[in-house]
Amino acid sequence: LLKAKGDLDGAEPLCRRALEIKEAALGPDHPHTGTSVGNLAQLLKAKGDLDGAEPLCRRALEIKEAALGPDHPHTGTSVGNLAQLLKAKGDLDGAEPLCRCALAIYEAALGPDHPSTGISVNNLAGLLKAKGD
């Protein structure tokens, strides 16, 4: 709620606490822990702390891949989040294969007409536009 209201500084300690609770209750490799790691990464990205967000995005992706497999839609979300972070950091070449991977995951798991697939198509288009392709 605080993040939605724009109170990113107020939301950060709550996101960190939620992550601590998930790690203690479920362990560091549980998919719900991965979601909390990803939520903290997204919050830091929103605050402009891209360097702080990147290792968390990578950790969230590692957790989701290990727990759910590389073809699960939640893994696709983590792949897409990392792609968007790299794009925000200006690493367009690093972001492109991740955008394509996220799209492939969504198309295979959810189908070509699913809203998440559409978002992924849009993200890839935006990246290619930014690259001038």
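Use the structure listed above.
As a starting point, this report considers the structure included with it. (Residues numbered from 1 in each chain as written. Predicted model: local features only at pLDDT ≥ 70, side-chain atom pairs only at ≥ 80, totals over all residues. Heavy atoms only, no water.)

### Points about the pattern of salt bridges
Item 1. Across all of its chains, the model carries 10 salt bridges by this definition.
Item 2. Of the charged contacts, one joins Arg-58 and Glu-54 as a salt bridge, the two residues approaching to 2.8 Å between their closest N and O atoms. Of this pair, Arg-58 and Glu-54 both sit in helix 3 (residues 50-68), separated by 4 residues, roughly a single helical turn.
Item 3. A salt bridge links Asp-93 to Lys-131; its shortest N-O distance comes to 3.1 Å. (Salt bridge = Lys/Arg side-chain N within 4 Å of Asp/Glu carboxyl O. Helix = DSSP H or I, 4+ residues; strand = E, 2+ residues; numbered from the N terminus.)

### With respect to the nonpolar core
Item 1. In terms of nonpolar packing, the biggest core is built from 29 residues, with Val-37, Leu-40, Leu-43, Leu-56, Val-79, Leu-82 and Leu-98 touching the most fellow members.
Item 2. Those elements that place two or more of their residues in this core are helix 1 (8-26), helix 2 (31-47), helix 3, helix 4 (73-88), helix 5 (92-110) and helix 6 (115-131).
Item 3. For Leu-40, the contacting residues outside a window of four places in its chain are Glu-12, Cys-15, Arg-16, Leu-19 and Leu-56. (Core = buried A, V, L, I, M, F, W, Y, C linked by side-chain atoms within 4.5 Å. Buried < 20%, exposed > 50% of the residue type's maximum accessible area, 1.4 Å probe, protein only. Contact = heavy atoms within 4.5 Å.)

### Quick look at the packing of helix 3 against helix 4
Item 1. As a packed pair, helix 3 and helix 4 sit with axes 9 Å apart at the nearest point and diverge in direction by 160°. Considering their axes alone, helix 3 and helix 4 lie roughly antiparallel with respect to each other. The two elements helix 3 and helix 4 meet at a crossing, and its hand is left-handed. The residues of helix 4 that touch helix 3, namely those facing Leu-50, Ala-53, Glu-54, Cys-57, Arg-58, Ala-60, Leu-61, Lys-64, Glu-65 and Leu-68, are His-74, Thr-75, Ser-78, Val-79, Asn-81, Leu-82, Leu-85, Leu-86 and Ala-88.
Item 2. Across the contact of helix 3 with helix 4, the residue classes break down as 11 nonpolar, 4 polar and 4 charged. (Axes fitted to C-alpha atoms, helices over the stretch in contact; angles between N-to-C directions. Parallel < 35°, antiparallel > 145°, perpendicular 65-115°, else oblique. Left-handed = near helix turned anticlockwise from the far one by under 90°. Nonpolar A, V, L, I, M, F, W, Y, C, P; charged D, E, K, R; others polar.)

### Observations regarding helix 4
Item 1. In a regular helix each residue adds 1.5 Å, so 16 residues correspond to 22 Å; helix 4 covers 22 Å between its end C-alpha atoms and thus fits that length.
Item 2. Burial in helix 4 covers these residues: Thr-75, Gly-76, Ser-78, Val-79, Gly-80, Leu-82, Ala-83, Gln-84, Leu-85 and Leu-86.
Item 3. The elements touched by buried residues of helix 4 are helix 2, helix 3, helix 5 and helix 6.
Item 4. Downstream of helix 4 by one or two residues, Gly-90 has phi in the positive range, about 90°. (Expected span 1.5 Å × (residues − 1).)

### Quick word on the side chain of Glu-96
Item 1. Within the secondary structure, Glu-96 is located in helix 5.
Item 2. By relative accessible area, Glu-96 is classed as buried at 14%.
Item 3. Within the local environment of Glu-96, its side chain forms a polar contact with the side chain of Lys-131, the two groups lying 2.4 Å apart.
Item 4. Residues within four places of Glu-96 in sequence aside, it is in contact with Leu-127, Leu-128, Lys-131 and Asp-133. (Polar contact = N/O pair within 3.5 Å; in protein donor to acceptor, adjacent residues only side chain to side chain.)

### Description of the environment of Cys-57
Item 1. Mapped onto the secondary structure, Cys-57 falls in helix 3.
Item 2. Separated by 11 residues in the primary sequence, Cys-57 and Ala-46 place their C-alpha atoms 13 Å from one another.
Item 3. If we skip the residues at most four places from it in the chain, Cys-57 touches Ala-41, Gln-42, Asn-81, Leu-82 and Leu-85.

### Some words on helix 1
Item 1. The terminal C-alpha atoms of helix 1, which comprises 19 residues, lie 26 Å apart, in line with the 27 Å expected from a rise of 1.5 Å per residue.
Item 2. Buried residues belonging to helix 1 abut helix 2 and helix 3.
Item 3. Of the residues flanking the end of helix 1, it is Gly-27, one or two places downstream, whose phi is positive at about 100°.

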